[in-house]
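# Close look at the chain arrangement
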Number of protein chains: 4
Amino acid sequence: MLVVMNKNATSEDIQRVSEFLEAKGFEARVSYGEARILVHAIGVKDVDQRDFELLPGVNEVLRVTTSYKLAARVSQGCDTVVEVNGVKFGDKHAGLIAGPCTIESYNQIDATAQELKDSNVKIIRGGAFKPRTSPYAFQGMGEEGLKIIRSVADNHGMAVVSEIMDASQLDIFMKYVDVLQVGARNMQNFNLLKELGKIHRPVILKRGLSATYEEWLMSAEYIMAGGNNQVILCERGIRTFEKFTRNTLDLSAIPVIKKLSHLPIIIDPSHATGLRDKVEPMSRAAIAAGCDGLIIEVHHNPDCAMCDGAQSLYPWQYDLLYKQIKQIAPIVGKEII
Amino acid sequence: MLVVMNKNATSEDIQRVSEFLEAKGFEARVSYGEARILVHAIGVKDVDQRDFELLPGVNEVLRVTTSYKLAARVSQGCDTVVEVNGVKFGDKHAGLIAGPCTIESYNQIDATAQELKDSNVKIIRGGAFKPRTSPYAFQGMGEEGLKIIRSVADNHGMAVVSEIMDASQLDIFMKYVDVLQVGARNMQNFNLLKELGKIHRPVILKRGLSATYEEWLMSAEYIMAGGNNQVILCERGIRTFEKFTRNTLDLSAIPVIKKLSHLPIIIDPSHATGLRDKVEPMSRAAIAAGCDGLIIEVHHNPDCAMCDGAQSLYPWQYDLLYKQIKQIAPIVGKEII
Amino acid sequence: MLVVMNKNATSEDIQRVSEFLEAKGFEARVSYGEARILVHAIGVKDVDQRDFELLPGVNEVLRVTTSYKLAARVSQGCDTVVEVNGVKFGDKHAGLIAGPCTIESYNQIDATAQELKDSNVKIIRGGAFKPRTSPYAFQGMGEEGLKIIRSVADNHGMAVVSEIMDASQLDIFMKYVDVLQVGARNMQNFNLLKELGKIHRPVILKRGLSATYEEWLMSAEYIMAGGNNQVILCERGIRTFEKFTRNTLDLSAIPVIKKLSHLPIIIDPSHATGLRDKVEPMSRAAIAAGCDGLIIEVHHNPDCAMCDGAQSLYPWQYDLLYKQIKQIAPIVGKEII
Amino acid sequence: MLVVMNKNATSEDIQRVSEFLEAKGFEARVSYGEARILVHAIGVKDVDQRDFELLPGVNEVLRVTTSYKLAARVSQGCDTVVEVNGVKFGDKHAGLIAGPCTIESYNQIDATAQELKDSNVKIIRGGAFKPRTSPYAFQGMGEEGLKIIRSVADNHGMAVVSEIMDASQLDIFMKYVDVLQVGARNMQNFNLLKELGKIHRPVILKRGLSATYEEWLMSAEYIMAGGNNQVILCERGIRTFEKFTRNTLDLSAIPVIKKLSHLPIIIDPSHATGLRDKVEPMSRAAIAAGCDGLIIEVHHNPDCAMCDGAQSLYPWQYDLLYKQIKQIAPIVGKEII
């Protein structure tokens, strides 16, 4: 931590800051610049920097350490690679996940899986517990839905991704689901994150609508601190002033996260844009930017989907997209199976 | 719902839209304007408007109904007034809540309560379960903390407000807490909201960092749909590009929410600004704008607070502020006890 | 400037940074912490900190000086007070400006002025050159409009505020206008700011829709660097994700700007909220927060206004508001004449 | 325009709205739904919808027409293609522009041009008038700079792009510059836009930091309304809560603008991200998303650049990038020369 003092701070001001730092367990080291006086707090402690901002003579207080340790790139020599059913996420691999927003019936999941299999999809997604803005909207099939997707996935040799909404659902998810997804609204549901730290299955951690990169990595840290290292970060659009698209897809997150962390980062172009015709260009863009995978909504019959049909691709569209991104990936040093 | 078609939409386009609407259970009524053709969908159904946006000839689709019913102003003739320990929130009353961010010890809560009593505080706040961005930060005293604040409050004739983080904590909270607070990060923790709909105690529902007014009211609707009408909305700052203050306090929420809903709205200037010297002017501003109450962090010794000391007022500052806002309230037709 | 290096930075990395700093004219001073190594760059130079961020071993680079000098609070001992026609802005004074959005005709300005006079308004506002989003919208009366407002103001003993859109209009404005307003869209029209630095009339500098406090003060610095110290800052709402109100009025700007600068800050609640019924509560809130004045749109007949009628107060509403804020001002140590 | 009335609006309310609409020149047509009553205003007039929002019984007012006409996709049958020195922007073509942020000297421009020529660059960029946040920063070489870049460009058979800051500079720009760029801060400098409508040279119109798609297209409309159809839109990042990157590059703008308008859209990854190592992935992403071109900062020696060196590519990096995007372009149906 660094306390930046005004040029006209008195020696009493400086001494007060130094003593306050020492009281908190730091060593204080003063450095006189031309326009500012800096007090460097040596040590790593959990303090609130604003306590120092309020002291007389202080201009601002700067943190010079990050709060995430295990998620930080410097914590390990190489990229984390998460492997699910033969599909790899991370390093030189970009993995693909596809499937409908919501599990509606056995027939729907089976029909969609049938189509996706032809496009080499090995991991199917589908929601059974739905976080809906309105209490009057369809809330998902629950455990019954998870049973369906598990059974269909087994028939087609696929793995299952589904969103968990609450720590109380964990037992059920462990029965049916291979990769547990944490939705954007739950990125800071710390009780849930702590529980996910105790399991040994991959977790997809979506970025909150207004979460900074650091907060996102701190939430990954919650899971990793519990002992679960298989965290896949997922950018799915942030909230900005522009409302034409559902959210603003922040593809710069790809190179930034790759610099800050060793964890894989995938993109969800479906929720980010909210409209089918934007999903394809944004998927291609994500791969070209070097992401570690995509999670895309596909429905065998989007016009009759119960939820988010407008952002679901037709299976033939997915197949076309799959062929395009398979061509783009090697140009940026990535392999898609 | 209203489907806005391009001027050059063909009669086939219009018919396709009309038939699609009818298939979804609406009556379709077409109106020809100078620059646009409108198809008015008569009926109230839960459909995804984007399904229509993708049809040929369609320019955009507009929703003309709100999704919240019970929270809407039109749903009842007068303002909801929530009363807690003789303090009223709503209509002509502005209620005050004060106390430390975190429960640290019996002595700390007791010392603070002692001071607050002199400023006529009847409702004390204090956190026992803390939603911390970092897994390495102090996570709160848990049930032990709630016992402490309950005991202190009883000694001083006060009611207790505390934040609940997870539905699994509900039994504990029902033992010790009078008003349950839902934090900004949990505004869309729908499992929690549903459980809070089943109890008969007031709930303070904080606005999410990037929640729109409508999403906020929809979360209130989750609680009300369960049968609990005692919801107090609390604005605590939104996330914007400006990072100088912790968040941007959106005081316009006061007149807007009063127009949209009958529920009381209070302001949390402490979390919104994050620094003590901004808390006072923003508290006065909130009262002058006509809010139904304030929730303010006060610590008997902020310099030694374990959490958020920088945004906590000294008791003497709270007392001064209390005297100022008592003068401002009647100018805007509000009473503070 | 401070270069924060990774813990595992090599001594070559540190030396490279030091040499690069010295090449740019700084003295480099190294300080070893527990988790970071800091290189303090002694000296004040105009360099791009990102040049250092790209060097090996560097974690981040922090600026510890502000770029504005003349606008900074530390640059002078007391608050700047701008006086116009006997009305003071700054220190213990809050000044009021009122009038229509747009100058439409002699009769309109005269009728409005007549009404405002009864509420003790000494400074009238009105736009003659209008920055309209659409090229097809009314663009203002131009010089003809300024002649009208000048003549009416003279008749009623008032001063005139009007918005200048381009440096080429300066001669005309010097003929008719007492206080030149720079609109939000022009906050970084640097050519215009430079020209305004050469005149000796007060300038109201509106905050840009997405301008940080620092950028805003830097724009003030452009004017002050030219020799004109009579700058009044005006907050008029920023752009956020919330679209219910036209903009989000950021009242926290008041205590923040007062900490950072000695310049007066006023509030424009009309453009911030965009609707008449929000103007009154926000005006009261601004005064309660300690602002140095208000600029409010009032029209003698808002229902027939050519522009922004919906956000204009009726004269009787202004009068009521005037009486309320006159009561609130002394509570916060301010005087309104 | 559509006036949405509350279900419990009285017949007097409806009549009042209808009469007000008729007074403004519309025909009013009422349609009764289950939850709302709609009044469809037939006609195209320039009115302020908020005037209607304030009437009793009105819930909200929706605009169903766009304000831009010439820039709208429906206004012409095919994509606009702008051609500069044999390089095409629009339809199946993606054009490239490269060069330094700022013109520093003849040698610098010549050295950079020499390198860029080897990567087939036909259009060079370079700033002579610089919009700097600080009045104390280097403001550019002015006309002298434009002379230099013109002379170098002529020697190498290149065209010149440079930013114009003020309408008063137009004569100078017409002497030396082939494509005039309007910076983000000037996107709503309406005087400048009007003047650019009168010339017959291509204009690159950058999106403002917080401009919506519609405002951006309205600014294009200002230029087109004057008779100049050669407008190239340029996305360069928007301002959001995330501050890690200089701005947030909004690549979804590509498919959205292509749906709304026939104008070409290019991407500036340099200003959007602000750091060299983010420029390459974002450039590839932009091409993969189907943009009509890129404008990239390249400096022959970025470490010694006077301005924005950190976001400038080394010539060898540009060459590598050029080869990558030439491979990506045909996959999405685009040609890069």
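Cut-offs and rules
- Residues numbered from 1 in each chain as written.
- Chains lettered and ligands numbered in written order.
- Predicted model: local features only at pLDDT ≥ 70, side-chain atom pairs only at ≥ 80, totals over all residues.
- Heavy atoms only, no water.
- Salt bridge = Lys/Arg side-chain N within 4 Å of Asp/Glu carboxyl O.
- Helix = DSSP H or I, 4+ residues; strand = E, 2+ residues; numbered from the N terminus.
- Buried < 20%, exposed > 50% of the residue type's maximum accessible area, 1.4 Å probe, protein only.
- Pairing = 2+ DSSP bridges.
- Axes fitted to C-alpha atoms, helices over the stretch in contact; angles between N-to-C directions.
- Contact = heavy atoms within 4.5 Å.
- pLDDT = per-residue confidence, 0-100.
- Buried area = accessible area lost by both parts, 1.4 Å probe.
- Polar contact = N/O pair within 3.5 Å; in protein donor to acceptor, adjacent residues only side chain to side chain.
- Nonpolar A, V, L, I, M, F, W, Y, C, P; charged D, E, K, R; others polar.
- Phe/Tyr/Trp six-rings, centres within 6.5 Å; stacked < 30°, edge-to-face > 60°.
- Expected span 1.5 Å × (residues − 1).
- Least-squares fit on C-alpha atoms with pLDDT ≥ 70 in both.
- 1 Å grid on protein atoms, 1.4 Å probe; cavity = no way out; pocket = protein on both sides within 12 Å on 5 of 7 lines; lining within 4 Å.
- Points joined across faces, edges and corners; volume = space filled by probe spheres on them.

## Remarks on the pattern of salt bridges
Enumeration over the complete set of coordinates arrives at 68 salt bridges over all chains. Between Glu-215 of chain C and Arg-239 of chain D there is a salt bridge, with its nearest N and O atoms 2.7 Å apart. Of the two residues, Glu-215 of chain C sits in helix α7 (residues 213-225) while Arg-239 of chain D sits in the loop between β12 (231-235) and α8 (253-260), which places them in two different chains. For Glu-215 of chain C, a relative accessible area of 15% corresponds to the buried category. Between Asp-277 of chain D and Lys-278 of chain D there is a salt bridge, with its nearest N and O atoms 3.0 Å apart. Its relative accessible area of 2% is what places Lys-278 of chain D among the buried residues. Via salt bridges that share partners, Arg-207, Glu-235 and Asp-250 of chain A together with Glu-242 of chain D belong to a single interconnected network.

## Quick word on the sheet that holds strand β4 (residues 58-62) of chain C
Residues and elements named next belong to chain C. Strands sit in the order β2-β3-β1-β4 across an open sheet of 4 strands; the sheet is antiparallel. Of all the strands in the sheet, just β2 (27-32) and β4 have a single pairing partner and so form its edges. In this sheet, adjacent strand axes meet at a mean angle of 20° when their direction is disregarded. The pairing of strand β1 (residues 2-5) with strand β3 (residues 37-42) spans 4 bridges and is antiparallel. From the neighbouring strand, Met-5 faces β3, where its bridge partner is Ile-37. Strands β1, β2, β3 and β4 of the sheet are contacted by helix α1 (residues 11-23), whose axis makes an angle of about 150° with β2.

## Brief notes about the confidence of the model for chain A
On average, residues of chain A score 92 in pLDDT, and 99% of them reach the 70 mark or higher. Under the prediction, the complex receives an ipTM of 0.89, its pTM being 0.90.

## A short note on the interface of chain D and chain C
Counting residues at the interface gives 50 residues for chain D and 50 residues for chain C. Where chain D abuts chain C, roughly 3900 Å² becomes buried across the two surfaces, and 48% of that area is made up of carbon and sulfur atoms. Looking at the side of chain D facing chain C, the largest losses of area belong to Arg-50, Leu-54 and Tyr-136 of chain D, adding up to 15% of the total buried there. Counting the contacts that link chain D with chain C gives 2 salt bridges. Our count for the chain D to chain C interface comes out at 17 residue pairs in polar contact (both at pLDDT 80 or more). By residue class, the composition of the side of chain D that touches chain C is 17 nonpolar, 14 polar and 19 charged.

## Re the packing of aromatic side chains
Enumeration according to the criterion identifies 24 aromatic pairs over all chains in this entry. For the ring pair Tyr-213 of chain A and Phe-244 of chain D, a centre distance of 5.9 Å and an interplane angle of 75° mean the geometry is edge-to-face. Placement of the pair is Tyr-213 of chain A in helix α7 (residues 213-225) and Phe-244 of chain D in the loop between β12 and α8, with the two residues belonging to separate chains. Tyr-213 of chain A sits in the buried class, given a relative accessible area of 1%. Residue Phe-244 of chain D is classed as partly exposed on the basis of its relative accessible area of 40%.

## Remarks on α1 of chain C
Between the first and last C-alpha of α1 of chain C there are 18 Å, a value that for 13 residues agrees with the 18 Å anticipated at 1.5 Å per step. Buried residues along α1 of chain C sit against β1, β2, β3, α2 (50-53) and β4 of chain C.

## Topic: the relation of the copies chain C and chain A
The transformation that overlays chain C on chain A combines an axial shift of 0.1 Å with a rotation of 180°, and the residual RMSD is 0.1 Å. Expressed as a symmetry operation, the mapping of one chain copy onto the other fits a two-fold axis. Relative to the rotation axis, the C-alpha of Phe-241 of chain C is the closest in chain C, positioned 2.1 Å from it.

## Overview of empty space enclosed by the protein
It is the rolling of a water-molecule-sized probe over the atoms that shows where space remains empty. Evaluated as defined, the whole model comprises 9 cavities of 30 Å³ or more. Considered as a void within the structure, the largest cavity measures approximately 140 Å³ in volume. The wall of the largest cavity is formed by 16 residues, among which Thr-240 and Phe-241 of chain A, Thr-240 of chain B together with Thr-240 and Phe-241 of chain D lie closest to the centre. In the lining of the largest cavity, the residues fall into 4 nonpolar, 8 polar and 4 charged.

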